[in-house]
Amino acid sequence: IKRNHSACHLLQAALREVLGSHVEQAGSYVDEERLRFDFKHYAAMTDEQIMSVESLVNAHISLGENVCTDEMPIEEALKSGAMALFGEKYGSTVRVVKMGNFSTELCGGTHIDNTAKAGVFKIISETSVAAGVRRIEATTALGVLGVLEDKERIIRETAKELKVAGGADLVKKAAGLMN
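**Quick word on the sheet that holds strand β5 (residues 103-106)**
Here three strands make up an open sheet; going across it, the order is β3-β4-β5 and the pairing antiparallel. The sheet is open, and its two edges are formed by β3 (67-73) and β5, each paired on a single side. Put simply, the sheet's adjacent strands are angled 20° from each other on average, direction ignored. With four bridges connecting them, strand β4 (residues 93-99) and β5 associate as antiparallel partners. In the sheet register, Val96 faces β5, and the bridge partner there is Leu106.

**Describing the state of the cysteines**
Counted by the stated rule, this structure contains zero disulfides. Cys68 forms no disulfide, and the closest cysteine sulfur to it belongs to Cys107, at a distance of 14 Å. Overall, Cys68 belongs to the partly exposed group, its relative accessible area being 39%. In this model Cys107 remains outside any disulfide bridge; the closest cysteine sulfur is found in Cys8, 9.2 Å from its own.

**Examining the side chain of Glu65**
Position of Glu65 relative to the elements: it lies in the loop between α2 (47-62) and β3. One buried charged side chain, Glu65, makes no salt bridge at all; its nearest oppositely charged neighbour is Lys98, positioned 9.1 Å away.

**With respect to a nonpolar patch on the surface**
Residues Leu142, Leu145 and Leu148 make up a contiguous nonpolar surface patch of roughly 300 Å² in combined accessible area. Overall, the relative accessible area of 40% leaves Leu148 in the partly exposed class.

**Thoughts on the pairing of strand β6 (residues 121-130)**
With eight bridges joining them, β6 and strand β7 (residues 133-140) adopt antiparallel strand pairing. Counted as the bridge partner of Ser128 is Arg134 from β7. Between β6 and β7, which pair antiparallel one after the other, the connecting turn spans two residues, and Gly132 there sits at a positive phi close to 75°.

**As for the sheet that holds β7**
Strand order in the open sheet made by the four strands is β1-β2-β7-β6, with antiparallel pairing throughout. Two strands bound the open sheet, and with one partner strand each, they are β1 (25-30) and β6. Averaged over all neighbouring strand pairs, the angle between strand axes comes to 15°, with direction disregarded. The strands touched by helix α1 (residues 2-19) within the sheet are β1, β2 (35-40), β6 and β7, with β2 carrying the most contacts at an inclination of about 30°.

**Focus on the nonpolar core**
Membership of the largest hydrophobic core comes to 29 residues, with the highest contact counts inside it found for Leu11, Leu15, Leu35, Phe39, Met45, Phe121 and Ile136. Looking at this core, the elements with two or more residues in it are α1, β2, α2, β4, β6 and β7. Among the elements that take part in this core, α1 stands out by supplying eight residues, more than any other. Aside from chain neighbours lying at most four places away, what touches Ile136 is Leu11, Leu15, Leu35, Arg36, Phe37, Phe39, Met45, Ile123, Ser125 and Glu126. Ile74, Ala77, Val94 and Val96 belong to the second largest nonpolar core, which has seven residues in total.

**Observations concerning helix α4 (residues 142-161)**
Compared with an ideal rise of 1.5 Å per residue, which puts 20 residues at 28 Å, α4 spans 29 Å between its outermost C-alpha atoms and is within 8% of the ideal. All of the buried residues in α4 are Val144, Val147 and Ala159. Down the axis, α4 shows its buried residues gathered within 105° of arc, on one side only. Exposed and oriented more than 90 degrees from the buried face of α4 are Leu142, Glu149, Arg156, Lys160 and Glu161.

Definitions and cut-offs
- Residues numbered from 1 in each chain as written.
- Predicted model: local features only at pLDDT ≥ 70, side-chain atom pairs only at ≥ 80, totals over all residues.
- Heavy atoms only, no water.
- Pairing = 2+ DSSP bridges.
- Helix = DSSP H or I, 4+ residues; strand = E, 2+ residues; numbered from the N terminus.
- Axes fitted to C-alpha atoms, helices over the stretch in contact; angles between N-to-C directions.
- Disulfide = S-S within 2.5 Å.
- Buried < 20%, exposed > 50% of the residue type's maximum accessible area, 1.4 Å probe, protein only.
- Lys, Arg positive; Asp, Glu negative; His and termini not counted.
- Salt bridge = Lys/Arg side-chain N within 4 Å of Asp/Glu carboxyl O.
- Patch = residues over 30% accessible without salt bridge, like charges linked within 9 Å, V, L, I, M, F, W, Y side chains within 5 Å.
- Areas by Shrake-Rupley, 256 points an atom, 1.4 Å probe, with all protein chains shown as cover.
- Contact = heavy atoms within 4.5 Å.
- Core = buried A, V, L, I, M, F, W, Y, C linked by side-chain atoms within 4.5 Å.
- Expected span 1.5 Å × (residues − 1).
- Arc of directions from axis to C-beta.

Below is the structure:
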């Protein structure tokens, strides 16, 4: 849960860098297997944007940046550049979670103490959930291995059905069938 929650923070920072500062969190869900992050954005992300966001999150994971938490008055936190959820009610003292110089947010949740502990980050899907709201589902660490195993199984089963060895042969067979 800590890995996926911390990845949400890195994801939001990466989305803002790739898509623009208009991106704001519109909801999230985190469990031990996956994360779901809803955000305000006006259009579907391109494959290139998805790859850029994923690469940026993985770059900050691989840097092994310290994750620091501090409690401070809300005015001080906001002056420091910490992101707050619009419409959320905060007390006079807040908890600020900072990941290197990449992500600084108000958050009371549980986190890893170093970005490297997230292991690796993989976006599973990007979809629309409402007008102007997009959703990314992703996973970290061992969850990524599960995603890769599922994809390999699909390739193996498809290759078997098409009676090819797999990989490049599968692509050639599909192109031939389409022709």
